[in-house]
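Spelled out, the chains give:
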Amino acid sequence: MRELQEDPAPGSSSAPRRRGRAIVVTSGKGGVGKTTTTANLGTALALTGAAVALIDADVGLRNLDIVLGLEARVRNHVLDVLEGRVTLDDALVTDKRVPTLRLLAAAQTREKDDVDTEAMRALVDSLRDRFDYVLIDCPAGIEKGFTNAIGGADEAIIVCTPEVAAVRDADRVVGLLGNRTSIKLIVNRLRPDLVRRGKMLSVDDVNAILRLPLLGVIADEPGVIISTNKGEPLVLDDASATGAAYRAIAGRIAGTDTSTPEIPLPPTLFQKLGSFFGGRR
Amino acid sequence: MSARRIVLTSGKGGVGKTTATANLGAALAKRGKRVILVDADIGLRNLDLVLGLEKRIVFDLVEVVEGRCQLRQALIKDKRFQSLAILPAAQTRDKTAVSETQFAEVVAGLDELCDYVLIDCPAGIEHGFRNAVAGAAEAIVVTTPEVSAIRDADRVIGKLNERGLPIRLIVNRIRPDMVRTGDMMSVDDVVDILGVKLLGMIPDDEEVIDTTNRGEPIVLVPDSHLGEIFEKIARRLEGENVAFTTLTAPGFFGRLFGQRKAG
């Protein structure tokens, strides 16, 4: 890490060869928070000095640029690179706030079928030589865009909300991911009050079905909508609980945080009794 | 008499297409209309779950297309409404298992069986989208008041315009308190940007999470204001002129008396 912090231009072609990690952020179901998660984890990892490239694989319906507030700075996109019109350096957009973070935007006026899956895999592979982390924001669904997005990744993060439909879709995606070296889970948009009242699945309910190592849990917060509208990831806000949760997840990804993920749950009666009788707090 | 064939689509996932399809279908059925809901999300079906019909599935859309069962055999009657049925998607196949022509043929086959065919489109604008749209003569675009959802909706509206489908808009998951503080776009803003006719506006409400998990249509929940909203949307779809009421954040008295207005 130290060596990387001293790197004057992370991700530039003159930077020393690395072997970064390629992680796809996927879910099956749309609207569960893949893009928000990609933006926040990418920003959080870059804040620690790591060189991070984010790829928006949602050709035709890109949004990662908006969530990062970079939409006005996108000049070229991933298909321009894949089709040889521009170099990678001409397409990578440097983040406004975190200099070690780069975005490779998706083409907005093209189709996912235009992307050659093998070329995409090769692109991710070449990015791994220049970045510590390559995070790929996968589109919803399990069509060609999904195949393109997962091709170059050897790790996957499943984002799932505590809803039966999202869990069912996530379970299907875990099957399709096959033998990745690592598939881990983020449970997003948990509402502890609804869980307590039995109106929402708990993290345990979700993971009883998915059975994945838990990277972290994010509580539902209206601040996420505001941050998306502003193009300002919450990890940049020290006062935001969501930002802190994403920073903790980034730490677990990097291996610097070995703590067990905290589940934002109000204490149950059993837990209260447990602590009363000298059990674990 | 031929059925109205309407696709519910959005571009972005998770904005409420499936919930809207299920509840609008139930609202139309409650009015005595014969309604068939088609799940076009092959491989990631969920409409069956939202209506609590997942255990009753025997055949699916792909099996109809492949001639392994009759269309009528694949239809699953709703538990609560006699005149509501769903045609489930296959779960273990992918969207390329059905062509646009085949999809349109299946939907055409439903024509004489009902008054409304509502097609629940998958997220995205890939093959599954093209199939769902191929079966439809009208479109309802569902969006939320968020920049990313609106950008995707705009792209989808462009694609629907290319096909000449009439489009109406449902703005979902509005939070009047956030609109008031300027942290969320208003419905007027959304309608201005997208330039399509408004069919309904639905506030963000945790009731949806619960009823969806339980597989129960909201129009059956007594005194549910979301149920009322879907009934209004159904009436508008039927050509009735139902006025929109402003969505307001509940003030002190509103909270006290449980008053909530919505369109």
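Residues numbered from 1 in each chain as written. Chains lettered and ligands numbered in written order. Predicted model: local features only at pLDDT ≥ 70, side-chain atom pairs only at ≥ 80, totals over all residues. Heavy atoms only, no water.

Enquirer: Help me understand the side chain of arginine 62 of chain A, please; the structure alone is not making it clear to me.
Expert: Within the secondary structure, arginine 62 of chain A sits in the loop between β2 (52–56) and α3 (64–67). What makes arginine 62 of chain A buried here is its relative accessible area of 14%. A polar side-chain atom of arginine 62 of chain A sits 3.4 Å from a polar atom in the side chain of aspartate 65 of chain A. In contact with arginine 62 of chain A, not counting residues within four places along its chain, are Asp56, Val74, Ala105, Ala106, Ala107 and Gln108 of chain A together with Arg151 and Asp152 of chain B. (Helix = DSSP H or I, 4+ residues; strand = E, 2+ residues; numbered from the N terminus. Buried < 20%, exposed > 50% of the residue type's maximum accessible area, 1.4 Å probe, protein only. Polar contact = N/O pair within 3.5 Å; in protein donor to acceptor, adjacent residues only side chain to side chain. Contact = heavy atoms within 4.5 Å.)

Enquirer: Is there a simple way to explain unusual backbone geometry in this structure?
Expert: With the exception of glycine, most residues fall at negative phi, and the peptide bonds are largely trans. One non-glycine residue with positive phi stands out, namely arginine 211 of chain A, at about 50°. Turning to its location among the elements, arginine 211 of chain A is positioned in the loop between α10 (203–210) and β8 (214–219). Residue classification places arginine 211 of chain A among the exposed positions, given a relative accessible area of 67%. Despite not being glycine, aspartate 223 of chain B shows a phi value in the positive range, around 60°. In this fold, aspartate 223 of chain B is placed in the loop between α10 (207–214) and α11 (225–237). Given the relative accessible area of 79%, aspartate 223 of chain B is considered exposed.

Enquirer: What exactly am I supposed to notice about the interface of chain B and chain A here?
Expert: As a measure of interface size, the accessible area lost when the parts come together is often cited. Each partner contributes residues to the interface: chain B has 38 residues there, and chain A has 41 residues. Of the roughly 3500 Å² buried at the junction of chain B and chain A (both faces included), carbon and sulfur atoms supply 50%. When residues of chain B are sorted by the area they lose upon contact with chain A, Leu44, Glu126 and Arg151 of chain B head the list and together hold 21% of the total. At the boundary of chain B and chain A, one finds eight salt bridges. A salt bridge links aspartate 48 of chain B to arginine 168 of chain A, with the shortest nitrogen-to-oxygen separation between them at 2.7 Å. Joining chain B to chain A, the criterion identifies 23 residue pairs in polar contact (both at pLDDT 80 or more). (Buried area = accessible area lost by both parts, 1.4 Å probe. Salt bridge = Lys/Arg side-chain N within 4 Å of Asp/Glu carboxyl O.)

Enquirer: Can you help me understand helix α2 (residues 34–47) of chain A in this one?
Expert: Every α-helix carries 3.6 residues per turn, so stepping three or four residues along brings you back to the same face. All names here are of chain A. For α2, built from 14 residues, the straight-helix expectation of 20 Å at 1.5 Å per residue is met to within 8% by its first-to-last C-alpha distance of 20 Å. Along α2, 13 of the 14 residues are buried, which leaves the element largely enclosed by surrounding structure. Positive phi appears at glycine 49, one or two residues downstream of α2, with a value of about 100°. (Expected span 1.5 Å × (residues − 1).)

Enquirer: Please explain helix α1 (residues 17–30) of chain B as it appears in this structure.
Expert: The terminal C-alpha atoms of α1 of chain B, which comprises 14 residues, lie 20 Å apart, in line with the 20 Å expected from a rise of 1.5 Å per residue. Positive backbone phi, approximately 90°, marks glycine 32 of chain B, located one or two places after α1 of chain B.

Enquirer: Explain the packing of aromatic side chains to me, please; I cannot follow it from the model alone.
Expert: Two measures describe an aromatic ring pair: the distance that separates the ring centres and the angle between the ring planes. Scanning the entire structure with this criterion turns up zero aromatic pairs over all chains. Positioned above the aromatic ring of phenylalanine 244 of chain B, the side-chain terminus of arginine 236 of chain B is 3.8 Å from the ring centre. (Phe/Tyr/Trp six-rings, centres within 6.5 Å; stacked < 30°, edge-to-face > 60°. Lys NZ or Arg CZ within 6 Å of the ring centre and 35° of its normal.)

Enquirer: Even after reading the chapter, I still don't get the environment of arginine 252 of chain A, so can you show me in this structure?
Expert: All names here are of chain A. Along the chain, arginine 252 falls in helix α12 (residues 241–254). Along the primary structure arginine 252 and leucine 215 are separated by 37 residues, whereas in three dimensions their C-alpha atoms are 6.9 Å apart. When near neighbours in sequence (up to four residues on either side) are disregarded, arginine 252 contacts Leu215, Gly216, Asp257, Ser259, Thr260, Pro261 and Glu262. Looking at arginine 252, its side chain comes within polar contact range of the main-chain oxygen of leucine 215, at 2.6 Å.

Enquirer: Can you walk me through the sheet that holds strand β3 (residues 76–77) of chain B in this structure?
Expert: Consider a sheet: its strands pair through backbone hydrogen bonds, and that pairing is either parallel or antiparallel. Residues and elements named next belong to chain B. With respect to topology, eight strands assemble into an open sheet ordered β3-β4-β2-β5-β1-β6-β7-β8, the strand pairing being mixed. Edge strands, defined here as strands with exactly one partner in the open sheet, are β3 and β8 (197–203). As defined by bridge partners, β3 adjoins strand β4 (residues 84–87) across two bridges and the pair is classed as antiparallel. Bridged to isoleucine 76 within β4 is isoleucine 86. Packed onto the sheet, helix α7 (residues 147–162) meets β1 (4–9), β6 (138–143) and β7 (167–174) and runs at close to 170° relative to β6. (Pairing = 2+ DSSP bridges. Axes fitted to C-alpha atoms, helices over the stretch in contact; angles between N-to-C directions.)

Enquirer: What am I meant to see in the sheet that holds strand β5 (residues 133–137) of chain A here?
Expert: Residue and element names in this part refer to chain A. Strand order across the open sheet formed by eight strands is β3-β4-β2-β5-β1-β6-β7-β8, with mixed pairing between neighbours. Of all the strands in the sheet, the pair left with one neighbour each is β3 (92–94) and β8. Pairs of neighbouring strands in the sheet enclose a mean axial angle of 20°, with direction left out of account. Here three bridges tie β3 to strand β4 (residues 101–104), and the two strands are oriented antiparallel to one another. Looking across to β4, one finds that leucine 92 is bridged to leucine 104. Contacts from α10 reach β6 (155–160), β7 (182–190) and β8, with the element oriented near 150° to β7.

Enquirer: Would you mind showing me how to read the pairing of β4 of chain B here?
Expert: Moving residue by residue along a regular strand, the side chains alternate between the two faces of the sheet. Residues and elements named next belong to chain B. Judged by which residues are buried, β4 turns out to be covered on both faces: Leu84 and Ile86 on one side and Ala85 and Leu87 on the other are all buried. Looking at chain direction, strand β2 (residues 35–39) and β4 are connected through four bridges and run parallel. Looking at the pairing, valine 35 lines up with leucine 84 of β4. Adjacent in sequence and paired antiparallel, β3 and β4 are bridged by six residues.

Enquirer: I tried to follow the nonpolar core on my own but got confused; where do I start?
Expert: Proteins that are soluble and globular tend to have nonpolar side chains buried together. Residues Leu41, Leu103, Leu104, Leu127, Ile136 and Ile158 of chain A are the most contacted members of the largest nonpolar core, which totals 89 residues. The element best represented in this core is helix α8 (residues 164–177) of chain A, accounting for six residues. Apart from the residues within four sequence positions on either side, isoleucine 158 of chain A is in contact with Thr26, Ala170, Val173, Val174, Leu177, Ile183, Lys184, Leu185, Ile186 and Leu212 of chain A. Among the nonpolar cores identified, the runner-up in size contains 53 residues, and Val38, Ile42, Leu110 and Ile119 of chain B belong to it. (Core = buried A, V, L, I, M, F, W, Y, C linked by side-chain atoms within 4.5 Å.)

Enquirer: Explanation requested: the pattern of salt bridges in the structure shown.
Expert: One side chain can pair with another of opposite charge once the charged atoms of both are near each other. Within this structure, the stated rule accounts for 41 salt bridges over all chains. Here arginine 128 of chain A and aspartate 154 of chain A are joined by a salt bridge, their closest N and O atoms 3.2 Å apart. Taken as a pair, arginine 128 of chain A in helix α6 (residues 117–128) and aspartate 154 of chain A in the loop between α7 (144–151) and β6 lie far apart in primary sequence, 26 residues in all. Classification of aspartate 154 of chain A as partly exposed rests on a relative accessible area of 25%. For glutamate 138 of chain B, the salt bridge is made with arginine 4 of chain B, and the minimal N-O distance between the two is 2.9 Å. Taken as a pair, glutamate 138 of chain B in strand β6 and arginine 4 of chain B in strand β1 lie far apart in primary sequence, 134 residues in all.

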